[in-house]
Structure formats: C-alpha cells, structure tokens
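What the coordinates show
Okay, here's what each chain looks like letter by letter:
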Amino acid sequence: MNRLERIEKMEERMDRLTAAVRHAEEALEQWKDAQDALQELTAYYTSPLWLQDYEADERGEIPKSIKRGVLSQDGVYDLLRRIKDMQEEFQALCQKEEESPV
C-alpha cells in the first residue's frame, strides 16, 4: 500500500469513527435522560401494583383500547434483560479499551 492509499484508508477510518462517536454521544444523552424512566419501570414491575394491574387486565377490566404492553408477562422482563446485557457488553468493551495501549 502506498502513502496515498494509506492516507485515504485512514481518512475513511476517521470518518467512520467520527460518525460512530457522534451516534454514541447522542445515544448516551438519550440513555442519561431515560434513567428516571428505567428506575420507575423497574420499581413498578417489581411491586405488587404490577401484579394487580396484570390480574385486572386478565379479568378484562382494562379497556382493549389502552396500550398495555407493560402488562405482558415477558415484555418488561425482556426489556430489562436486554438493558442488563447491553450494560455488560458496554462494561466489557470499556475494560478492553482500558487494556489497549492507546
């Protein structure tokens, strides 16, 4: 690879990384803003209120016109599991970066 090809290749890498960092910064801001919602949802899902609402839905007391995915048996659990998996993956990535010479 000659000098010009190398510079062009590295320029492409820099452009790719710049876009990825911009996207990650936006996602991080959204994640920071969502922390209160995560705490509230977790508290609700682990409280007796969720079970009471779930049972009311099973008895048909919640109108079908109301969005109620939060009452599905696996919906909240799966979301919280995805969040935990994402956090673990992010921690592993950060650890890998700490071990990097850069």
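Anything mentioned here points back to the structure above.
Report follows, based on the coordinates.

The calculated volume of the largest pocket comes to roughly 680 Å³. Lining the largest pocket we find 14 residues, and of these Ala24, Leu28, Met86, Phe90 and Leu93 sit closest to its centre. For the lining of the largest pocket, the elements supplying multiple residues, two or more each, are α1 (3–33) and α4 (75–99). Here the element with the most residues in the lining of the largest pocket is α1; it accounts for eight residues. Broken down by class, the residue content of the lining of the largest pocket amounts to 10 nonpolar, two polar and two charged.

Counting five residues, the largest nonpolar core is built from Tyr45, Trp50, Tyr54, Leu71 and Val76. Trp50 has contacts with Tyr44, Tyr45, Val70, Leu71 and Ser72, leaving out every residue within four places of it along the chain.

Now for a negative patch on the surface. The grouping of Glu5, Glu8, Glu11, Glu12 and Asp15 at the surface amounts to a negative patch. Here Asp15 is to be found in helix α1. Assessed through its relative accessible area of 46%, Asp15 is described here as partly exposed.

Taken residue by residue, helix α3 (residues 48–58) has Trp50, Tyr54, Ala56 and Asp57 as its buried positions. For α3, the buried positions fall inside an angular range of 160 degrees around the axis, keeping them on one side. Those residues of α3 that are exposed and aimed more than 90 degrees away from the buried face are Pro48 and Glu58. Where α3 is buried, its residues touch α2 (35–45). A positive backbone phi angle near 85 degrees is found at Gly60, which sits one or two residues after α3.

On to the packing of α1 against α2, then. Between α1 and α2, whose axes approach to 4 Å, the crossing angle comes to 45 degrees. Relative to α2, the element α1 is oriented oblique. Judged by residue contacts, Trp31, Lys32 and Asp33 of α1 engage Gln35, Asp36 and Leu38 from α2. Of the residues belonging to the contact of α1 with α2, the class tally is two nonpolar, one polar and three charged.

Reading guide: rules and limits
- Residues numbered from 1 in each chain as written.
- Predicted model: local features only at pLDDT ≥ 70, side-chain atom pairs only at ≥ 80, totals over all residues.
- Heavy atoms only, no water.
- 1 Å grid on protein atoms, 1.4 Å probe; cavity = no way out; pocket = protein on both sides within 12 Å on 5 of 7 lines; lining within 4 Å.
- Points joined across faces, edges and corners; volume = space filled by probe spheres on them.
- Helix = DSSP H or I, 4+ residues; strand = E, 2+ residues; numbered from the N terminus.
- Nonpolar A, V, L, I, M, F, W, Y, C, P; charged D, E, K, R; others polar.
- Core = buried A, V, L, I, M, F, W, Y, C linked by side-chain atoms within 4.5 Å.
- Buried < 20%, exposed > 50% of the residue type's maximum accessible area, 1.4 Å probe, protein only.
- Contact = heavy atoms within 4.5 Å.
- Patch = residues over 30% accessible without salt bridge, like charges linked within 9 Å, V, L, I, M, F, W, Y side chains within 5 Å.
- Areas by Shrake-Rupley, 256 points an atom, 1.4 Å probe, with all protein chains shown as cover.
- Salt bridge = Lys/Arg side-chain N within 4 Å of Asp/Glu carboxyl O.
- Lys, Arg positive; Asp, Glu negative; His and termini not counted.
- Charge placed at Lys NZ, Arg CZ, Asp CG, Glu CD.
- Arc of directions from axis to C-beta.
- Axes fitted to C-alpha atoms, helices over the stretch in contact; angles between N-to-C directions.
- Parallel < 35°, antiparallel > 145°, perpendicular 65-115°, else oblique.

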